Amino acid sequence: MTRPHAATSLKTPPVLNAVGLTKSFGDFRANDAVSFSIQPGEIHALLGENGAGKSTFVKLVYGLLQPDEGQIFWQGQPVNISGPLQARQLGIGMVFQHFSLFESLSVAENIQLALPAGENLAALSDRIRDMSDRYGLAIDPDAYIHNLSVGQQQRVEVMRCLLQNPSLLIMDEPTSVLTLQETDQLFSVLRQFADSGMAVLFISHKLDEIRALTSRATVLRRGRNVGTVDTKKNNNRQLAELMVGRKIADVTRQSAPDQSKAVCVIKNLQRPKPTAFAVTLKDISFTANAGEILAIAGIAGNGQDEIMAALSGEWRPPSADIILLDGQDISHLGPAARRRVGLGVVPEERNGHAAIPSMSLSDNALLTSHSLGKAVQHGVIDGAATKAIAAEVIDKFDVRVPSDDPMAASLSGGNLQKFVVGREIIKSPRLLVVAQPTWGVDVGAAVSIRKSMLDLAARGSAVIMISQDLEEVFAIAHKIAVLHGGCLSDVMLASKVTAEQVGILMGGGADIEGASA
Amino acid sequence: MISMTPRKHISLQRTLVTPVVSIMMTLCVGAAIFAILGYDPLAALYQFFIAPLSRPDQVADLFVKACPLIITATGLVFCYRANVWNIGAEGQIVMGAVCAGGVALFVPGLPDILLMPTMILAAMVGGMAWALIPGILKARFNTNEILVSLMLTYVAALFIDWLVRGPWRDPQSFGFPLTKSYDEAALIQRVDLPGIGTLGQLHWGVVAALVLALVAYFVMSRTLFGFQVKVMGDAPRAGAFSGFCAARTTIGVLCISGACAGVAGMVEVSANMGQLQPEVSFGYGFTAIIVAFLARLNPLGVIAAGLVIALAELGGDSAQMALGMPKVVTGVFKGILLFMLLAGETFNRFQLRISWPALSRAPAARGR
């Protein structure tokens, strides 16, 4: 699809033109002479691994940081953006990854708080309705935030920016919380913005989305702009290799193995919600077989945390014969005892759950190996043994460490994730349970994590992967079940369903006939 | 803008220099205050820092003064590392002293060799029981252990007061609120150094305190239990994932700190008093909290911190006696010392950055 404004881009000056922006934190150059421009009516992607400097760049543009060197031109004029207020006055709007909305206030009240004082609520509500109609945002100004879905909340954030008539809208990883259908809605809204002349800077590392939405992408790698490319002429792999700076190995699942041998059986797992904000698990049953990866797909907050706690042993069902591992009832066992019978678990949250940032990697290795005999003798820790475990994980899983046995906090997210996944896989568990294995992880690390999970399955273990990333689910899972509202769908063969069908189930749609495995 | 950012690397060199700088600054500020108040600053500082250390027996007394602080703070380190806020060590000291006293006074026919171990055991049980009340209430009903343990301190203080004025009072004490004196076997003996003899009040309890701190250091740094305590304190969710039980950890560290405090109370009475009296602890349970934090929750640091605090206490006494300095002034000086030590420690761990937004944007003129 062509954009009228993009066609005239050679004549009109760019909305934003950044020339040679450099920003250092100590010795670390987060942005190194980054130049970038965006035309009116253009949707432009900013691509890069974690730590490539995307956030720093956006903060420089939005005035949250000041460049050490370089100049920003706004509609042809040199400007120094001293803060977000000035950025908004210039016409730059930004939607952050994490929402900042007051749950107990209405949509209009939330938006009123962000606008200059003086506009009364009724007039503002009318403006919100106008804008909502014009772009098909479907926002009710009188609705309360706590009644809105995540996608709706995001549209409120977008609306808050729109009411300030921005010429440039920056969106920081907006689709990470959305379903496939919500993502489509968002994209059609963004296309309308572009058609009306607004420039959209879209930050993401989901390559399919970037190629669907944008025509140009600027790729950052280690703080440098390594090129602005045509997203239509490059495939995912080419984009990814540009991001990572090297060739990427293929990760594809083998065909599902013979399904005779069940490793993990869950029978009628129920759990009333432990807190007001948790989810009730309703009668969940499934089987994970040897040699296969079973994906539990679903939007976060539909019972993933609760299933995870039940599998890991952090929560234990009150009755027996609910959770079986290799035929043995492990329902009543705690996490340490379950590890002894061959369970490996990687929780979603790296910091403070899977790992302790303030502790060394060897201490973090001890976290999931203290019940396995080698590292602890008669209650005394064998420091050499824990260091050896950590070193083995670091070596086998290519964890990049700044020093010998560093604190977990000093590793990048991707490297720490490789460590916590490797820490479990190295024990060759009979069952590996992983939640969001590549959440917030760069492409290179994601590839190696997925590969190590496939390798483990190929050696005859079962893998349960809880994920909301459909790209990932379809890349490596043999079977898929969808979790919605605490209910699990039938287990389906990955080869017999499409991403769209799974997306509908994730949004609460009906079961798909004929796909059950 | 002023901001404190955590330092990535805390060098050993700086860690060693920081307390020296802190003490130098305490000397300067203290001298200024003494001068303003009309005392000879040099004489005052002499009384604070030199006089209590001028003779070997005085150095020994410094250790005696630090003894209950070291024992109690060692136990508290476990609690605070596990993020369990036991503020009631003062009461646990008292209950330890009471239980040990009960054995010393009222258990007849114990052979001498068994009396002391039984008293130690009783003191541990007493302190532990007192610490377990907030522990069980927290584990069962999620009550706040700070409030419960603190309030129980006053219960313990009134309980011993009632005992020594009432049922346990020695009929021959001429109306003084005192129990009978302990038997010889229930007293902790002075350390008889070979070739020197006894040194000041130095008793075997001090030796026990130093050994206890060493053992605690080993437990904390090398055992799975110590690891569990640190994990539950730093990241309870990771601890639960690892397979540690939060309630059991809470109960465990409260038992340890209660037992330590109880032993501190027993040692205080058996080494220095020889009988129970209405007050057996002079705020040691509260001062030990400061000691534990001054030591950065490290059992070895507790020895040094206990000695520093004891020096400030003895120096304050000596300044009051020698110069007639009012107690409040010595209190102010102790406060300055603590402030400087804690501030020094803060700067050791964090870097102070002061930036001037208006000036740092000097190139602002360039574009226009």
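The structure displayed is predicted, hence computed values, not measured ones. (Residues numbered from 1 in each chain as written. Chains lettered and ligands numbered in written order. Predicted model: local features only at pLDDT ≥ 70, side-chain atom pairs only at ≥ 80, totals over all residues. Heavy atoms only, no water.)

**With respect to the domain arrangement of chain A**
All names here are of chain A.
- Domain annotation for chain A reports domain 1 (6–91 + 166–244), domain 2 (100–165) and domain 3 (264–506).
- Taking only C-alpha atoms into account, the centre of domain 1 sits 25 Å from that of domain 2.
- Tallying the contact residues gives 16 residues for domain 1 and 14 residues for domain 2.
- At the boundary of domain 1 with domain 2, total buried surface from both sides reaches about 1200 Å², with 61% on carbon and sulfur atoms.
- Viewed at the interface, domain 2 and domain 1 are joined by zero salt bridges.
- For the side of domain 1 that touches domain 2, the secondary-structure elements that each account for two or more residues are strand 7 (168–172) and helix 7 (180–195). (Domains from an automatic or database assignment. Contact = heavy atoms within 4.5 Å. Buried area = accessible area lost by both parts, 1.4 Å probe. Salt bridge = Lys/Arg side-chain N within 4 Å of Asp/Glu carboxyl O. Helix = DSSP H or I, 4+ residues; strand = E, 2+ residues; numbered from the N terminus.)

**Quick look at the sheet that holds strand 5 (residues 77–79) of chain A**
Residue and element names in this part refer to chain A.
- Strands sit in the order 2-1-4-5 across an open sheet of four strands; the sheet is antiparallel. At either end of the open sheet lies a strand with only one pairing partner, and these are strand 2 (28–38) and strand 5. Strand-to-strand, the axes of this sheet are offset by a mean angle of 30°, without reference to chain direction.
- Sheet topology note: the strand 4 (residues 69–74)/strand 5 ladder contains three bridges and is antiparallel. (Pairing = 2+ DSSP bridges. Axes fitted to C-alpha atoms, helices over the stretch in contact; angles between N-to-C directions.)

**Here's the deal with the packing of aromatic side chains**
- Following the criterion strictly, the structure yields 15 aromatic pairs over all chains and no others.
- Of the aromatic side chains, those joined through ring pairs into one cluster are Phe 34, Phe 48, Phe 49 and Phe 333 of chain B. (Phe/Tyr/Trp six-rings, centres within 6.5 Å; stacked < 30°, edge-to-face > 60°.)

**Things to note about the sheet that holds strand 11 (residues 262–271) of chain A**
Residue and element names in this part refer to chain A.
- The strand order across the open sheet built from four strands is 12-11-14-15, with neighbouring strands paired in antiparallel fashion. Two strands in the sheet have a free side with no partner beyond their single neighbour: strand 12 (281–289) and strand 15 (328–329).
- In this structure, strand 11 lies alongside strand 12, joined through six bridges in antiparallel fashion. Note that in strand 12 the partner of Val 265 across the bridge is Thr 287.
- The sheet strands contacting helix 10 (residues 304–312) are strand 11, strand 12 and strand 14 (323–325), and the helix crosses strand 11 at an angle near 125°.

**What to know about the packing of helix 6 (residues 150–162) of chain A against helix 7 of chain A**
All names here are of chain A.
- Running from amino to carboxyl end, helix 6 crosses helix 7 at an angle of 15°, the nearest separation of the two axes being 11 Å. The angle between the axes of helix 6 and helix 7 places the two elements in the roughly parallel class. The crossing of helix 6 and helix 7 is right-handed. Along the contact surface, helix 6 presents Gly 151, Gln 154, Arg 155, Val 158 and Leu 162, while helix 7 presents Glu 182, Gln 185, Leu 186 and Phe 193.
- Class assignment for the residues of the contact of helix 6 with helix 7 results in four nonpolar, three polar and two charged. (Parallel < 35°, antiparallel > 145°, perpendicular 65-115°, else oblique. Left-handed = near helix turned anticlockwise from the far one by under 90°. Nonpolar A, V, L, I, M, F, W, Y, C, P; charged D, E, K, R; others polar.)

**Topic: the interface of chain A and chain B**
- Each partner contributes residues to the interface: chain A has 29 residues there, and chain B has 21 residues.
- Counting each side, the surface lost to burial between chain A and chain B is near 2100 Å², with a carbon and sulfur contribution of 61%.
- Looking only at chain A, the three residues that lose the most surface to chain B are Asn 80, His 353 and Ile 381 of chain A, adding up to 22% of its buried area.
- Run the count over chain A and chain B and you get zero salt bridges.
- On the surface where chain A and chain B come into contact, there are nine residue pairs in polar contact (both at pLDDT 80 or more).
- Elements represented by at least two residues in the side of chain A that touches chain B include exactly strand 4, helix 11 (335–340), helix 12 (361–367) and strand 18 (380–381) of chain A.
- Each residue belonging to the side of chain A that touches chain B can be placed in one class, and the counts come to 13 nonpolar, 11 polar and five charged. (Polar contact = N/O pair within 3.5 Å; in protein donor to acceptor, adjacent residues only side chain to side chain.)

**Here's the deal with the nonpolar core**
- If you look at the biggest cluster of nonpolar residues, it comprises 95 residues, and the most contacted ones within it are Phe 34, Tyr 80, Met 119, Tyr 182, Met 266, Leu 276 and Val 280 of chain B.
- No other element matches helix 3 (residues 56–81) of chain B, which puts 14 residues into this core.
- Not counting chain neighbours up to four residues away, the residues in contact with Leu 276 of chain B comprise Ala 97, Val 98, Gly 101, Ile 160, Val 164, Trp 168, Pro 177, Leu 178, Thr 179, Tyr 182 and Val 269 of chain B.
- Residues Ile 356, Met 465 and Val 502 of chain A together with Ala 238 of chain B belong to the second largest nonpolar core, which totals 61 residues. (Core = buried A, V, L, I, M, F, W, Y, C linked by side-chain atoms within 4.5 Å. Buried < 20%, exposed > 50% of the residue type's maximum accessible area, 1.4 Å probe, protein only.)

**With respect to the pattern of salt bridges**
Residues and elements named next belong to chain A.
- Counted according to the given criterion, the structure contains 25 salt bridges over all chains.
- One salt bridge connects Glu 292 with Lys 479, and the closest N-O pair in it is separated by 3.2 Å. Residue Glu 292 is located in the loop between strand 12 and strand 13 (293–297), and its partner Lys 479 is located in strand 21 (residues 479–484); the two are separated by 187 residues in the primary sequence. For the pair Glu 292 and Lys 479, one class covers both residues: buried.
- With a closest N to O distance of 3.4 Å, Lys 451 and Asp 455 form a salt bridge. Of this pair, Lys 451 and Asp 455 both sit in helix 15 (residues 443–458), four residues apart, which is roughly one turn of the helix.

**Some points on the pairing of strand 8 (residues 199–203) of chain A**
Residues and elements named next belong to chain A.
- Counted residue by residue, strand 8 has five buried out of five residues, so it is predominantly covered.
- Here strand 3 (residues 43–48) pairs with strand 8 via four bridges, running parallel. Bridge pairing in strand 8 places Ala 45 opposite Phe 202.
- Direction of pairing for strand 7 relative to strand 8: parallel, over a ladder of five bridges. In the sheet register, Leu 168 faces strand 8, and the bridge partner there is Ala 199.

**With respect to helix 7 (residues 204–222) of chain B**
Residues and elements named next belong to chain B.
- A rise of 1.5 Å per residue sets the reference length of helix 7, with its 19 residues, at 27 Å; its end C-alpha atoms lie 27 Å apart and thus fit the reference within 8%.
- Taken residue by residue, helix 7 has Gly 205, Val 206, Ala 209, Ala 213, Ala 216 and Met 220 as its buried positions. Take helix 7 and look down its axis: the buried residues cluster within an arc of 100°, on one side only.
- Contacts from the buried residues of helix 7 go to helix 3, helix 8 (224–234), helix 10 (246–273) and helix 12 (299–323). (Expected span 1.5 Å × (residues − 1). Arc of directions from axis to C-beta.)

**As for the confidence of the model for chain A**
- The predicted model of chain A averages 86 in pLDDT, with 93% of residues at 70 or higher.
- Taken together, the stretch residues 1–9 of chain A has pLDDT below 50 and engages in 16 contacts with residues farther than four places along the chain or on a different chain. (pLDDT = per-residue confidence, 0-100.)

**What about the environment of Ala 290 of chain A?**
All names here are of chain A.
- Positionally, Ala 290 belongs in the loop between strand 12 and strand 13.
- According to the relative accessible area criterion, Ala 290 is buried, its value standing at 15%.
- With 69 residues separating them in the primary sequence, Ala 290 and Arg 221 have C-alpha atoms 39 Å apart.

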